[in-house]
2 protein chains.
Amino acid sequence: MSHVSLPAALDSPRRAVPETLKQALRDRFGARCAESLAVREQHGRDESPFDVAPPELVLFAESEEEVAFVLAQAHAHAVPVIPYGAGTSLEGHLLAVQGGISLDLSRMNRLLAVQAEDLTVTVQPGVTRHQLNNELRHQGLFFPIDPGADASLGGMAATRASGTNAVRYGTLRENVLALRVVTPGGEVIRTGSRARKSSAGYDLTRLFVGSEGTLGVITELTLRLYPLPEAVSAAICFFPSIDAAVQTTMQIIQMGVPIARCELLDANTVRAVNAHDHLGLRESAMLLMEFHGSEAGVAEQAATVQDIARDFGGEDFEWSRTPEERTRLWTARHHAYLSALQMKPGCRCVTTDTCVPISRLAESINESVAEVLASGLPYFIVGHVGDGNFHMGYLIDPALPAERETAERLSAQMVARALRLGGTCTGEHGIGLHKQDFLLDEAGEGAVDLMRTLKRAVDPRNIMNPGKIFRG
Amino acid sequence: MSHVSLPAALDSPRRAVPETLKQALRDRFGARCAESLAVREQHGRDESPFDVAPPELVLFAESEEEVAFVLAQAHAHAVPVIPYGAGTSLEGHLLAVQGGISLDLSRMNRLLAVQAEDLTVTVQPGVTRHQLNNELRHQGLFFPIDPGADASLGGMAATRASGTNAVRYGTLRENVLALRVVTPGGEVIRTGSRARKSSAGYDLTRLFVGSEGTLGVITELTLRLYPLPEAVSAAICFFPSIDAAVQTTMQIIQMGVPIARCELLDANTVRAVNAHDHLGLRESAMLLMEFHGSEAGVAEQAATVQDIARDFGGEDFEWSRTPEERTRLWTARHHAYLSALQMKPGCRCVTTDTCVPISRLAESINESVAEVLASGLPYFIVGHVGDGNFHMGYLIDPALPAERETAERLSAQMVARALRLGGTCTGEHGIGLHKQDFLLDEAGEGAVDLMRTLKRAVDPRNIMNPGKIFRG
């Protein structure tokens, strides 16, 4: 996949790591202080298409104490620190645009405590969601948030991630109960508790959730868990058009059906996953749905949704009742991005992430489709449509600047429309480097100024992931 | 009800409102600038038992522009401003401990827009929850959060309120989508959007939710709504002991039953509501439960819960199937506090608000009961036990300082135990004046220092509700 240059305005001066600090870090971390170009480059990119911006060195932390040591040192020397989890973010979050240190937390990957009887778990930030669910399964519990990638929980919290199950279970915003955080001065604080609710002072937990590594380093998370549902069933429903699938979704939500997953794939995406995963699905707009509950409850939900779908021309459901069939379908869904890229060899993908109030979803999608069709760019759509969130992927030839410009223009039009409809420029990917202007459009100068005020107060030397979310 | 003096440490110097500012406010607000002692005293108390601390004047704002004018002026003169909604807070939030202006928002009480098809509503901060639900009912929608009192939505957000339905629908934390806020300098900002989820920058919405009026004035709220359930049924179940009721609750939650309300009343509370509302209930520990869903779903939930209850010695459910019966029961539940006070004429009540992880609830309640029994103080218990949250009310004779000391000692023991069990000192009432030491115990010096850092950054002149949540 080709890469693109950073917007010029983000190409900030790099801040050098003084040799004395480097030596202190080498002394402390030994072989876990990496300075090879390969490791630095691997840590200076994410899944965004931006050019790599390598840090000066990479530290592999194994304890909160080490994180605190690094931040205290970085604070003393005003050197940037970029927390690194699984490297799966999509908006340039991990790029060392001002140089400094990448602090890799992937070795802090232990489940510290499963409190099954409270439906909570305490994990280190490098635990990934697959690991978590694998370790929980034998206890009859699961953590539902599923952004597709096998992201780390620390990174998911920092990005306020969500994904396919958010329509039923919420996002990281709703499912983080408590954190331990190292603040930029190197101090360790606790936020929240294991109580389900609290009115004890400012909501520091939610300040760090979604802060994209700009306010501190999360070193421990306590998360809500859920009992594995008594019954789970997944269904596919084909529709004569995207609009019919979206109208169905809107009515499902408006009626309050507690659907667990409600994913839209357009015909292009179905074609791509067919080619990649040999699924043999009909190449038509479809909803991929999942129902959780008691046996009777699941049957009732499905019957309600089938009735709604028929009203909009949807076909009879095709069912996946076994865990294996379901896994195959959801794996294909998670491959959609990769599968779509393979439809146009050598292409790269500009991905959007708007989210709108549910009643405006059809308008949001239909106008976006009309625009991309008029442009002639190949594209695909996948969407967590139960939340009003969908991703349009524009497939462009990186050798043709005009295609990139077209994709960026279409993306900007989509965001402008989403904001006009009362929505957001990013449902789940975050701002990072790429959406800073969109954030200004969305939140307004006053709110972004307040974010800057908070940032300056918490991190006066601007060491934590500088240059992300907003400028300056 | 007698009142008690403020803790000495909170008895901060009052900051006078300069005569020039008073005149400017009189000119702008006319008759809506009140300076009579009666109005000032009415605004210098809440439902806490603290001595009244009247503001110097009370302004009845009718628009966001007026709020911005007041804050800009107050900022220029470094004069305190205390936002006032319905006056129902419980922790001294409204007391003008440093003097200044009470800014009454009760006249900003319009529903600005009901977006029924999106399950959202936009309201001014003075709208109360009864008003909101009365205006929504004909559209088949409701706002579930029910703290008992007919509080204002602005106040509920500022306190991060919850109440009887939180076990199913969450608290104000989960149900505020967007705000408009006037910041201490008089600038208006927007936070959030009508999208159900977003990763667009810091979570300013959740920064203001629960900030107890210390960071700005909420002038508009966009809230999540829910379709009125197809079926609702309420049941009472009597138990041989509090412990049996609590064990039942724990199992309901651990099994993931989506119960909508799960309230504990101890025998003392039942006796009190019987006397007050002539209900003729058996005077025994009981759960008052409500189930929401489809007809079949409600029946299934109730059958599951009845089975669990029987395992712990619970009796057969007694049902309230009509809305009138349900209203009568829930009204009695909401009268519990008042009813209990009448059991000991002339008494006052020290109320606790701990919330613990669900598995520790029995321990939390049983030990608290043992302690209060040993003390000889009359008491009652009501609890949102599905959340792990309950209120113990100690009834004391204000003429007997020893009783007050006993109640405060018991309260401190309860909080210490809740923290030991992984919980919080306040599930829903907030910190205000009374729980500042408990907040330090709970969050630690580091986290409270971070709260202070945020406060100073947002409100450098400390004009917004000074002296609340933390000192200095």
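The rules we used
- Residues numbered from 1 in each chain as written.
- Chains lettered and ligands numbered in written order.
- Predicted model: local features only at pLDDT ≥ 70, side-chain atom pairs only at ≥ 80, totals over all residues.
- Heavy atoms only, no water.
- Helix = DSSP H or I, 4+ residues; strand = E, 2+ residues; numbered from the N terminus.
- Rg over C-alpha atoms; globule rule 2.2 N^0.38 Å.
- Buried < 20%, exposed > 50% of the residue type's maximum accessible area, 1.4 Å probe, protein only.
- Contact = heavy atoms within 4.5 Å.
- Areas by Shrake-Rupley, 256 points an atom, 1.4 Å probe, with all protein chains shown as cover.
- Lys, Arg positive; Asp, Glu negative; His and termini not counted.
- Charge placed at Lys NZ, Arg CZ, Asp CG, Glu CD.
- Phe/Tyr/Trp six-rings, centres within 6.5 Å; stacked < 30°, edge-to-face > 60°.
- Polar contact = N/O pair within 3.5 Å; in protein donor to acceptor, adjacent residues only side chain to side chain.
- Least-squares fit on C-alpha atoms with pLDDT ≥ 70 in both.
- Buried area = accessible area lost by both parts, 1.4 Å probe.
- Salt bridge = Lys/Arg side-chain N within 4 Å of Asp/Glu carboxyl O.
- Pairing = 2+ DSSP bridges.
- Axes fitted to C-alpha atoms, helices over the stretch in contact; angles between N-to-C directions.
- UniProt positions renumbered as here; feature names shortened; annotations may be inferred.
- Expected span 1.5 Å × (residues − 1).
- Domains from an automatic or database assignment.
- Parallel < 35°, antiparallel > 145°, perpendicular 65-115°, else oblique.
- Left-handed = near helix turned anticlockwise from the far one by under 90°.
- Nonpolar A, V, L, I, M, F, W, Y, C, P; charged D, E, K, R; others polar.
- Disulfide = S-S within 2.5 Å.
- Core = buried A, V, L, I, M, F, W, Y, C linked by side-chain atoms within 4.5 Å.

**Some words on the overall build of chain A**
- Helix and strand counts for chain A stand at 16 helices and 18 strands.
- On C-alpha atoms alone, chain A measures out to a radius of gyration of 22 Å, which is about the 23 Å that the 2.2 N^0.38 rule sets for 472 residues.
- If one aligns the C-alpha atoms of chain A with their principal axes, the spans along those axes are about 70 × 55 × 45 Å.
- For chain A, the residues scored as buried account for 63% of the 472 residues in total.
- Across chain A, contacts joining residues at least 24 apart in sequence account for 72% of those joining residues at least 6 apart.
- Accessible surface, chain A as shown: approximately 15600 Å² in total, 50% of it carbon and sulfur.
- For chain A, the centre of its 44 positive side-chain charges and the centre of its 57 negative side-chain charges are spaced 4 Å apart.

**A few points about unusual backbone geometry**
- Despite not being glycine, Leu119(A) has its phi angle at roughly 55°, a positive value.
- Here Leu119(A) shows up in the loop between β5 (111-115) and β6 (120-123).
- Overall, the relative accessible area of 10% leaves Leu119(A) in the buried class.
- Located in the positive-phi region is Arg160(B), a residue other than glycine, with phi close to 50°.
- Along the chain, Arg160(B) turns up in the loop between α5 (153-159) and α6 (166-169).

**With respect to the packing of aromatic side chains**
Residues and elements named next belong to chain A.
- Taken as a whole, this structure holds 12 aromatic pairs over all chains when the rule is applied.
- With 6.4 Å between their ring centres and 45° between their planes, Phe-291 and Trp-319 make a pair best called tilted. Of the two residues, Phe-291 sits in strand β14 (residues 286-293) while Trp-319 sits in strand β15 (residues 318-320), which places them 28 residues apart along the sequence.
- Take Phe-291: its relative accessible area is 0%, and that puts it in the buried class.
- Between Phe-317 and Trp-319 the ring centres are 5.6 Å apart and the planes differ by 65°, which places this aromatic pair in the edge-to-face class.
- Through pairs of rings, three or more aromatic residues link up here, namely Phe-142, Tyr-169 and Tyr-226.

**Thoughts on the side chain of Lys455(B)**
- In this structure, Lys455(B) sits in helix α16 (residues 436-458).
- On the accessibility criterion, Lys455(B) (5% relative accessible area) is buried.
- In this structure the side chain of Lys455(B) is engaged in a polar contact, spanning 2.6 Å, whose partner is the backbone oxygen of Thr214(B).
- With residues up to four places along the chain from it excluded, the contact list for Lys455(B) reads Tyr202(A), Thr214(B), Leu215(B), Pro460(B), Asn462(B), Met464(B) and Phe470(B).

**With respect to the relation of the copies chain A and chain B**
- Once chain A has been moved 0.0 Å along the axis and rotated by 180°, it coincides with chain B to within an RMSD of 0.0 Å. On the angle and the small slide along the axis, the relation comes out as a two-fold axis.
- Residue by residue, 100% of the interface of chain A is reproduced at the interface of chain B, so both copies engage with the same surface.

**Focus: the interface of chain A and chain B**
- With 80 residues of chain A at the interface, the matching set in chain B holds 80 residues.
- For the chain A and chain B pair, buried surface summed over both sides reaches about 6200 Å², with 56% attributable to carbon and sulfur atoms.
- At the junction of chain A with chain B, the criterion picks out 6 salt bridges.
- Measuring nitrogen to oxygen at the nearest pair gives 3.3 Å for the salt bridge that ties Asp387(B) to Lys197(A).
- Elements with a minimum of two residues in the side of chain A that touches chain B: α6 (166-169), α7 (172-175), β9 (188-192), α8 (204-208), α9 (242-254), α11 (295-311) and α16 (436-458) of chain A.

**Regarding the sheet that holds strand β8 (residues 176-182) of chain B**
Residue and element names in this part refer to chain B.
- One open sheet holds the 5 strands; their spatial order is β5-β6-β10-β8-β9, and the pairing between them is antiparallel. A single partner strand is all that each edge strand has here, and the edge strands are β5 (111-115) and β9 (188-192). Averaged over all pairs of adjacent strands, the angle between strand axes in this sheet comes to 10°, irrespective of strand direction.
- Relative to strand β6 (residues 120-123), β5 runs antiparallel, the two sharing 4 bridges. In the sheet register, Leu-111 faces β6, and the bridge partner there is Val-123.
- Against the sheet, helix α4 (residues 129-136) makes contact with β5, β6 and β10 (217-224), and its axis sits at roughly 45° relative to β5, the strand it touches most.

**What about the sheet that holds strand β1 (residues 33-34) of chain B?**
All names here are of chain B.
- Taken in spatial order, the 4 strands line up as β1-β2-β4-β3 in an open sheet, and their pairing is mixed. Where the open sheet ends on each side, the last strands, each with one partner, are β1 and β3 (81-84).
- Bridge analysis of β3 against strand β4 (residues 101-104) gives 4 bridges, and the strand direction is parallel. When the bridges of β4 are listed, Tyr-84 appears paired with Asp-104.
- Contacts from helix α1 (residues 19-29) reach β1, β2 (57-60) and β4, with the element oriented near 30° to β2.

**Describing the UniProt feature "domain: FAD-binding PCMH-type" (unreviewed entry) in chain A**
- Sites flagged by UniProt as "domain: FAD-binding PCMH-type" (unreviewed entry) map to residues 50-228 of chain A.
- A distance of 39 Å separates the end C-alpha atoms of residues 50-228 of chain A, which is 23% helix and 25% strand.

**A short note on helix α15 (residues 401-420) of chain A**
Residues and elements named next belong to chain A.
- Across its 20 residues, α15 extends 29 Å between first and last C-alpha, which sits within 8% of the 28 Å expected from 1.5 Å per residue.
- Listing the buried residues of α15 in full gives Glu-403, Thr-406, Ala-407, Leu-410, Ser-411, Met-414, Val-415, Arg-417 and Ala-418.
- Where α15 is buried, its residues contact β16 (348-351), α14 (361-375), β18 (389-396) and α16.
- At the C-terminal side of α15, Gly-422 shows a positive phi close to 90°.

**Regarding the pattern of salt bridges**
Residues and elements named next belong to chain A.
- Per the stated rule, a full pass over the model turns up 62 salt bridges over all chains.
- In this structure, the salt-bridge partner of Arg-261 is Glu-290, at a minimum N-O distance of 3.3 Å. In this pair, Arg-261 is assigned in strand β13 (residues 261-265) and Glu-290 in strand β14, connecting sequence segments 29 residues apart.
- For Arg-261, a relative accessible area of 9% translates into the label buried.
- Residue class for Glu-290 comes out buried when judged on its relative accessible area of 5%.
- As a salt-bridge pair, Glu-283 and Arg-271 come within 3.3 Å of each other at their nearest N and O atoms. Taken together, the residues Glu-283 in the loop between α10 (267-277) and β14 and Arg-271 in helix α10 connect sequence positions 12 residues apart.
- A network of salt bridges, in which partner residues are shared, links Arg-32, Glu-62, Glu-66 and Arg-107.

**A closer look at the domain arrangement of chain A**
- Taken domain by domain, chain A comprises domain 1 (8-106), domain 2 (111-227) and domain 3 (230-326).
- Of note, the centres of domain 1 of chain A and domain 3 of chain A, computed from C-alpha atoms alone, are 43 Å apart.

**Quick look at the packing of helix α9 (residues 242-254) of chain B against helix α14 (residues 361-375) of chain B**
Residue and element names in this part refer to chain B.
- In contact at an axis separation of 9 Å, α9 and α14 are set at 165° when each is read in the N-to-C sense. By the criterion of interaxial angle, the relationship of α9 to α14 is roughly antiparallel. The handedness of the crossing between α9 and α14 is right-handed. Two secondary-structure elements touch here, α9 through Ile-242, Asp-243, Val-246, Gln-247 and Met-250 and α14 through Leu-361, Ala-362, Ile-365, Asn-366 and Val-369.
- Considered class by class, the residues forming the contact of α9 with α14 number 7 nonpolar, 2 polar and 1 charged.

**Some details on the state of the cysteines**
Residue and element names in this part refer to chain B.
- Taken as a whole and judged by the stated rule, the model has 0 disulfides over all chains.
- Not engaged in a disulfide, the cysteine Cys-347 finds its nearest cysteine sulfur in Cys-349; these two sulfurs lie 6.9 Å apart.
- Free of any disulfide, Cys-425 has its nearest cysteine sulfur in Cys-355, 11 Å distant.

**Points about the nonpolar core**
- Leu132(A), Leu223(A), Leu132(B) and Leu223(B) are the most contacted members of the largest nonpolar core, which has 90 residues in total.
- Those residues in contact with Leu132(A) that sit more than four places away from it in its chain are Leu111(A), Val121(A), Val123(A), Val127(A), Phe143(A), Leu153(A) and Leu223(A).

**Quick notes on the packing of α15(A) against α16(A)**
All names here are of chain A.
- For the pair α15 and α16, the least separation of the axes is 10 Å and the interaxial angle reads 15°. Classified by the interaxial angle, the pair formed by α15 and α16 is roughly parallel. Relative to α16, α15 is oriented so that their crossing is right-handed. Along the contact surface, α15 presents Ser-411, Ala-412, Val-415 and Leu-419, while α16 presents Phe-438, Asp-441 and Glu-442.
- When the residues that make up the contact of α15 with α16 are grouped by side-chain class, the tally is 4 nonpolar, 1 polar and 2 charged.

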